[in-house]
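Structural overview
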Amino acid sequence: MGSMSAEEIVRLSKQYTLFEWSAQAAINPIPMTKAEGVFFWDANGKRYFDFNSQLMCTNIGHQDKRVIKAIKDQADTLCYANPYMATEVRAKLGQKLAELAPGDLKKVFFTNGGAEANENAIKIAKMVTKRSKVIARFRSYHGGTSGAASLTGDPRRWAAEPGIPGVIRVLDPYSYRCPFCGGGPSCNGCVDKHLKYLEDVVMYEGGHNIAAIIMETVTGTNGILIPPEGYLKGVREICDKNGIMMILDEVMAGFGRTGKMFACEHWGVVPDMMTVAKGLTSAYLPLGAVLIKDKIARHFEDNVFYGGLTYNSHPMGLAAALACIDVYEQDKLVENAAKLGKVLAKKLNELKDKHPSIGDVRSIGLFSIVELVKDRKTREGLAPFNGHSQPMNDLRKALLDNGIYTFVRWNNFFVNPPLCITEEQLLEGLAIVDKCLEITDRAVAKS
């Protein structure tokens, strides 16, 4: 097959395929052709820093030869086995995840991705508890399938509504915009108030009716909201008191992104189920999983597990995951994320001190966001909730023009590079970001 021009790649892709979460006429996709490490290139040969690990998923970096070899070797051996089969790669990855996961999360159900992991976690909670309601949070994203979209709090759920029944939503700890104290630098998370509020919701809905509370351990695309100290333990206690299952969605935060293998390890909390995907294979092949406590999995020893997928435990995806985990361990990528996370936090705070358009920065490991505002006193965003603005569009263009690819969403942009990034590369990319922020500073000065 001959190589296409950049224009032809874009034209045919737009003509024959749908791009997600977009009005098709408005999009201008990058014709990506190759990648390596923390960089990728378009069809015109332009190089980009991948400052968002694509969709916060290529954690080990692009085109690692060890993972590619494992995929090729598995293809030579066995491309597919149906999910009723036992395979060597299934045995090895199941055992490895049981070793890595915190506490007694010793059983795994494999899915095709994160949305299906969350769908199945909710199904398991309902099957085991015989309850119908689920509590989720407003600033959450759990996937684009019908059930996962119903659990999602952000506006991407609107098109799927009314969705599955029984979903109750609560507010998130968001210190910069705290619903209890008004937020800002003096807010300590209002943990006691959030937990009392959650307890009230449980009481009014009836704890005996609630199967699960599901939340991202660290909120991802809706703001990199890091739980304040005591919050997750308090949620764990509320769940235990009421027989409610705690489901932590680590699709984005898991596998080293926060400087721990799993984000819940920062707070010493073990959920009843944990969902993972993205970093599980670093997106080299699609794969998700539900990690389940032994005592929950035992329910299905004598009761039918009503769940299934044609590609459950697909050998190719499992091989990619095993090799990817080896890379995390061999290259000490989780440790690198923790080490460079300190550098990233320091530099982001320096940018905040320098640029009046920055209202807040939040980071944990190599998982970070910069929130841009018109006015630091009022904290009015530089774009509205679920909306766009010319300054944010201009910032996005400037970053791309200068070879930085990252998510620019609403009044935020992210810095979530692959965990293999070096300090030199990180600082080089941040220097470009520093320069581009002059655009948003000028917009603030005019307002």
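Residues numbered from 1 in each chain as written. Predicted model: local features only at pLDDT ≥ 70, side-chain atom pairs only at ≥ 80, totals over all residues. Heavy atoms only, no water.

**Quick notes on the nonpolar core**
Stated formally: For the purposes of this section, nonpolar cores are sets of buried Ala, Val, Leu, Ile, Met, Phe, Trp, Tyr and Cys residues that join through side-chain atoms within 4.5 Å. Relative accessible area decides the class of each residue, using a 1.4 Å probe on protein chains only: under 20% of the type maximum gives buried, over 50% gives exposed, and in between gives partly exposed. Here a helix means four or more residues in a row that DSSP labels H or I, a strand means two or more in a row labelled E, and each is numbered from the N terminus.
Grouped together as the largest cluster of nonpolar side chains are 101 residues, with contacts concentrated most on Phe51, Leu93, Ile135, Val235, Phe255, Leu372 and Phe413. If you tally residues by element for this core, the top one is helix H10 (residues 315-330), at 11 residues. If you look at the next biggest cluster of nonpolar residues, it comprises 22 residues, including Ile122, Ala125, Ala211 and Phe300.

**Topic: the packing of aromatic side chains**
Keep this limit in mind: Ring pairs shown here join Phe, Tyr and Trp side chains whose ring centres sit within 6.5 Å, with only the six-membered ring taken for Trp; geometry is labelled stacked below 30 degrees between planes, edge-to-face above 60, and tilted in between.
A full pass over the atoms with the stated rule returns 14 aromatic pairs. For the ring pair Trp21 and Tyr141, a centre distance of 6.3 Å and an interplane angle of 85° mean the geometry is edge-to-face. Residue Trp21 is located in the loop between helix H1 (6-16) and strand S1 (32-36), and its partner Tyr141 is located in the loop between strand S5 (133-137) and helix H6 (146-151); the two are separated by 120 residues in the primary sequence. Residue classification places Trp21 among the partly exposed residues on the basis of a relative accessible area of 49%.

**Thoughts on the pairing of strand S7 (residues 210-216)**
Heads up, the rule is: Place the viewer so that the strands point away; then a crossover is right-handed whenever the path from the first strand over the helix to the second strand goes clockwise.
Burial analysis of S7 places 7 of its 7 residues in the buried class, the great majority of the element. Between the parallel elements S7 and strand S8 (residues 245-249), the chain passes through helix H8 (residues 231-242) in a crossover that is right-handed.

**Brief notes about the pattern of salt bridges**
Put simply, the test is: Within this document, salt bridges are pairs made up of a side-chain nitrogen of Lys or Arg and a carboxyl oxygen of Asp or Glu, the two lying within 4 Å of each other.
Overall, the coordinates contain 25 salt bridges when judged by the stated rule. Notably, a salt bridge pairs Asp331 with Arg66, separated by 2.7 Å at the nearest N-O pair. Of the two residues, Asp331 sits in the loop between H10 and helix H11 (333-354) while Arg66 sits in helix H3 (residues 65-77), which places them 265 residues apart along the sequence. For Asp331, a relative accessible area of 37% corresponds to the partly exposed category. Note that Lys241 and Glu199 form a salt bridge whose closest N and O atoms lie 3.9 Å from each other.

**A short note on the environment of Met274**
Cut-off, in case you're wondering: We call two residues in contact whenever any of their non-hydrogen atoms come within 4.5 Å of each other.
On the secondary structure map, Met274 appears in strand S9 (residues 273-276). Sequence separation between Met274 and Asp192 is 82 residues; the distance between their C-alpha atoms is 25 Å. Apart from residues no more than four positions distant in its own chain, Met274 is found in contact with Pro102, Leu105, Leu248, Glu250, Phe262, Cys264, Ala289, Val290 and Leu291.

**A short note on the sheet that holds S1**
Quick note on the threshold: The pairing criterion for strands is at least two bridges between them, as found by DSSP. The angle between two axes is taken between their N-to-C directions and runs from 0 to 180 degrees, where each axis is a line fitted to C-alpha atoms and a helix contributes only its stretch in contact.
The strand order across the open sheet formed by 4 strands is S1-S2-S3-S14, and the pairing between neighbours is mixed. The open sheet has two edge strands, S1 and strand S14 (404-405), and neither has a second partner. Summarising the sheet, strand S3 (residues 47-50) and S14 pair through 2 bridges and their orientation is parallel. From the neighbouring strand, Phe49 faces S14, where its bridge partner is Ile404. Contacting strand S2 (39-42), S3 and S14, helix H13 (residues 423-436) crosses the sheet at an angle of about 105° to S3.

**Considerations on the sheet that holds strand S10 (residues 288-293)**
Read from one edge to the other, the open sheet built from 7 strands follows the order S4-S10-S9-S8-S7-S5-S6, with strand pairing classed as mixed. With one partner strand each, in any of the chains shown, strand S4 (105-111) and strand S6 (167-170) form the two edges of the open sheet. Pairs of neighbouring strands in the sheet enclose a mean axial angle of 20°, with direction left out of account. Pairing analysis gives 3 bridges linking S5 to S7, with the strands arranged parallel.

**Notes on helix H14 (residues 438-446)**
Our working rule: Here the arc refers to the set of directions running from the helix axis out to each C-beta atom.
Of all the residues in H14, the buried ones are Thr440, Asp441, Ala443 and Val444. Relative to the axis of H14, the buried residues are bounded by an arc of 160° and lie together on one face. In H14, the exposed positions that point more than 90 degrees away from the buried face belong to Ala445 and Lys446. The inward-facing, buried residues of H14 contact strand S12 (367-375), helix H12 (390-401) and H13.

**Notes on the environment of Ile122**
On the secondary structure map, Ile122 appears in helix H5 (residues 114-129). Owing to a relative accessible area of 5%, Ile122 belongs among the buried residues under this scheme. Beyond its immediate stretch of four places on either side in the chain, Ile122 contacts Val134, Leu151, Ile214 and Ile247.

**Some points on the state of the cysteines**
Going by this rule: What counts as a disulfide here is a pair of cysteine sulfur atoms lying within 2.5 Å.
Counted according to the given criterion, the structure contains 0 disulfides. Here Cys264 stays free of any disulfide, with the sulfur of Cys239 as its closest cysteine sulfur at 14 Å. Between Cys420, a cysteine without a disulfide, and Cys324, which holds the nearest cysteine sulfur, the sulfur-to-sulfur distance is 11 Å. A relative accessible area of 27% places Cys420 in the partly exposed class.

**Remarks on the packing of H12 against H14**
Heads up, the condition is: The cut-offs work like this: below 35 degrees is roughly parallel, past 145 is roughly antiparallel, 65 to 115 is roughly perpendicular, and the gaps in between are oblique. Note on convention: near helix rotated counterclockwise from far helix by under a right angle means a left-handed crossing. Clockwise means right-handed. Side-chain classes follow a simple rule in which Ala, Val, Leu, Ile, Met, Phe, Trp, Tyr, Cys and Pro form the nonpolar group, Asp, Glu, Lys and Arg form the charged group, and the remainder, Gly included, forms the polar group.
Look at H12 against H14: their axes get within 9 Å of each other, and the N-to-C directions meet at 165°. The pairing of H12 with H14 is recorded here as roughly antiparallel in orientation. Helix-helix and strand crossings are classified by hand; for H12 and H14 the assignment is right-handed. Residues Pro391, Asp394, Leu395 and Ala398 of H12 form the contact with H14, whose participating residues are Ile439, Thr440 and Ala443. Its residues assigned to classes, the contact of H12 with H14 comprises 5 nonpolar, 1 polar and 1 charged.

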